[in-house]
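Coordinate inspection notes
Chain by chain, the residues:
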Amino acid sequence: MAKIHMILQGKGGVGKSFIASIMAQYYYSKSKAVLCIDTDPVNSSFHSFRKLNVKKLDLMNGDNVDPRKFDNLIELISKSKSDVIIDNGASTFVGLSHYLISNHVSTLLQEEGHELVIHTVITGGQSLADTLNGFDRIMKQFPDGVSFVVWLNLFWGKIEMNGKSFESMKAYLDNKKRISAMITIPEYKPETFGLDLREMLQDKLTFDEAIAKPEIMIMVRQRLKIIKDDLFKKLESVSSVLA
């Protein structure tokens, strides 16, 4: 049985590709095969990580999303012998979500012996309200039998609203029974850890690639190693959900 990990969030620029790349690197660190797919027609950030061997799948017909091409995605993942990680762009979020729900794709995958795991992102800062609304819609739209992993991305600030943490918010309380795991991406110091991570991602490098580069200053490599080890420990703590 393969686990189909799909990162869905209607808000762009909240870390979906970063999350996909972390998961792929975690799989490779365990010497596990994984099929990586990028369906983002605009940025294709996941596909830009060359070391991760990401397959780019075109879902567009000219300037419009072609729902028929989602069939190609399901055909591809249904035949996979390994787990799958899919990074979906904000521009195809509505179309893909509707397709998955209206075509009962989660049930189909279960019948094929697979499990659909939806990963969604809540981020601090200006995108908090939008990502909360997106999270709530996703949780309510998808049927029972779908596993959900929530990523709390503090990179842009704390996730707080009216003095309440995420675990005290109505969106969480209404949906917490359906959440299989939560993973927190810390609020890294912008002058050091945050800057190092941002530059690594801009260069589309994996952690191992950046850490192995002698031209990168030793303390930058050290901080990236700390970030990698911390994130991998978080993934290890929920490994039963991931793999």
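These notes cover the structure that comes with them. (Residues numbered from 1 in each chain as written. Predicted model: local features only at pLDDT ≥ 70, side-chain atom pairs only at ≥ 80, totals over all residues. Heavy atoms only, no water.)

The residue Ala-90 is located in the loop between strand S6 (83–87) and helix H3 (93–102) in this model. Once the C-alpha coordinates of Ala-90 and Leu-173 are considered, the two residues, 83 residues apart in sequence, prove to be 25 Å apart. (Helix = DSSP H or I, 4+ residues; strand = E, 2+ residues; numbered from the N terminus.)

Moving on to the side chain of Ser-17. The residue Ser-17 is located in helix H1 (residues 16–29) in this model. Using a relative accessible area of 16% as the deciding quantity, one classes Ser-17 as buried. Dropping the residues within four chain positions of it, Ser-17 is found in contact with Ser-45, Phe-46 and Asp-87. (Buried < 20%, exposed > 50% of the residue type's maximum accessible area, 1.4 Å probe, protein only. Contact = heavy atoms within 4.5 Å.)

Now for the packing of aromatic side chains. Applying the stated criterion across every chain, the model contains six aromatic pairs. When the ring of Tyr-26 is compared with that of Phe-232, the centres are 5.7 Å apart and the planes differ by 85 degrees; the resulting orientation is edge-to-face. Here Phe-232 lies in helix H9 (residues 218–237) and Tyr-26 lies in helix H1, a separation of 206 residues in the sequence. Judged by relative accessible area, which is 7%, Tyr-26 ranks as buried. Phe-232 gets classed as buried once you look at its relative accessible area, which sits at 12%. A centroid spacing of 5.1 Å and a plane angle of 45 degrees characterise the contact between Phe-70 and Tyr-99, whose relative ring orientation is tilted. Highlighted residues: Phe-70 in helix H2 (residues 70–78) and Tyr-99 in helix H3, separated in sequence by 29 residues. A network of ring pairs unites the aromatic residues Phe-135, Phe-166 and Tyr-172 as a single cluster. (Phe/Tyr/Trp six-rings, centres within 6.5 Å; stacked < 30°, edge-to-face > 60°.)

This paragraph deals with the pattern of salt bridges. Using the criterion set out here, one finds twelve salt bridges in the structure. A salt bridge links Lys-79 to Glu-75; the shortest N-O distance between them is 3.0 Å. Assessed through its relative accessible area of 57%, Lys-79 is described here as exposed. Classification of Glu-75 by relative accessible area gives partly exposed; the value is 43%. For Asp-208, the salt bridge goes to Lys-228, with nearest N and O atoms at 2.6 Å. Taken together, the residues span a long stretch of sequence, with Asp-208 in helix H8 (residues 207–211) and Lys-228 in helix H9 at a distance of 20 residues. With relative accessibility at 48%, the residue Asp-208 sits in the partly exposed group. (Salt bridge = Lys/Arg side-chain N within 4 Å of Asp/Glu carboxyl O.)

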